[in-house]
Amino acid sequence: MTDVQNLNDERTVSQLEEEGDMAADYIEELLDICDLDGDIDIDARNGRAYVSVNAGDGANLNLLSKPDTVNALQELARLAVQTKTSAFSRLILDIGGSRDARRDELASLVERAVERIEAGAAEASLPPMSSYERKLVHDLVGERGFHSASRGEGADRHTVITRSA
């Protein structure tokens, strides 16, 4: 296990909440610059800080809630936290329910992959995705009674699904 992993495993809930506060401040400044309204919620669970931006009717978070945009903003928020703490951040950012929407998309990908395996394929590969998304996929695959493993390096890292042994 690397030092970065050890550091993240040892963070307390209050440290994660502080990390979430720093990220929320960064995102709030961004919303102000973009003249967008949003309510920010912070949570700490599973060794990560979670920052969620939600808005009432009439607010337009659609531009910011696209998956690629959320991932980019998440990386920027992580860098903002890292600059202040000198520690790697694994925080998760959700804007306007984007994470739930992405989980639904991943569930559909898993469903199609399982159908290919049930139709006789030895394995089914999914496209490259972030470590967080691969974790969601592993959970979804396990719920279906199949096995999954990550393969590849860097931007090419992806999940391969097979029948359970």
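Now for a look at the structure at hand. (Residues numbered from 1 in each chain as written. Predicted model: local features only at pLDDT ≥ 70, side-chain atom pairs only at ≥ 80, totals over all residues. Heavy atoms only, no water.)

**Examining the environment of Met22**
Piece 1. For Met22, the position within the fold is in helix α2 (residues 13-34).
Piece 2. Judged by its relative accessible area of 14%, Met22 falls in the buried class.
Piece 3. Residues Met22 and Arg78, spaced 56 residues apart in sequence, show a C-alpha to C-alpha distance of 9.3 Å.
Piece 4. Among residues more than four places away in sequence, those in contact with Met22 are Val81, Lys84 and Thr85. (Helix = DSSP H or I, 4+ residues; strand = E, 2+ residues; numbered from the N terminus. Buried < 20%, exposed > 50% of the residue type's maximum accessible area, 1.4 Å probe, protein only. Contact = heavy atoms within 4.5 Å.)

**Points about the sheet that holds strand β1 (residues 39-45)**
Piece 1. Strand order in the open sheet made by the 3 strands is β1-β2-β3, with mixed pairing throughout. The open sheet has two edge strands, β1 and β3 (92-95), and neither has a second partner. Direction aside, the axes of adjacent strands within the sheet are offset by 15 degrees on average.
Piece 2. Here 4 bridges tie strand β2 (residues 48-54) to β3, and the two strands are oriented parallel to one another. Note that in β3 the partner of Tyr50 across the bridge is Ile92.
Piece 3. Each of β1, β2 and β3 is contacted by α2, which is oriented at about 155 degrees to β1, the strand it contacts most. (Pairing = 2+ DSSP bridges. Axes fitted to C-alpha atoms, helices over the stretch in contact; angles between N-to-C directions.)

**Comments concerning the packing of α2 against helix α3 (residues 67-85)**
Piece 1. Here α2 crosses α3 at 125 degrees, and the two axes come no closer than 9 Å. One way to sum up the angle between α2 and α3 is to call them oblique. Once α2 is placed against α3, the crossing between them reads as right-handed. On the side of α2, the interface is formed by Glu19, Met22, Ala23, Tyr26, Ile27 and Leu30, while α3 contributes Leu73, Leu76, Ala77, Ala80, Val81, Lys84 and Thr85. (Parallel < 35°, antiparallel > 145°, perpendicular 65-115°, else oblique. Left-handed = near helix turned anticlockwise from the far one by under 90°.)

**Quick look at the sheet that holds strand β5 (residues 146-151)**
Piece 1. The strand order across the open sheet formed by 3 strands is β4-β6-β5, and the pairing between neighbours is antiparallel. Either end of the sheet is taken by a strand with one partner, and the two such strands are β4 (123-125) and β5. Between one strand axis and the next, the sheet turns by 25 degrees as a mean value, whatever way the strands run.
Piece 2. Across the sheet, helix α5 (residues 131-143) lies against β5 and β6 (158-163), angled at about 160 degrees from β5, the strand it touches most.

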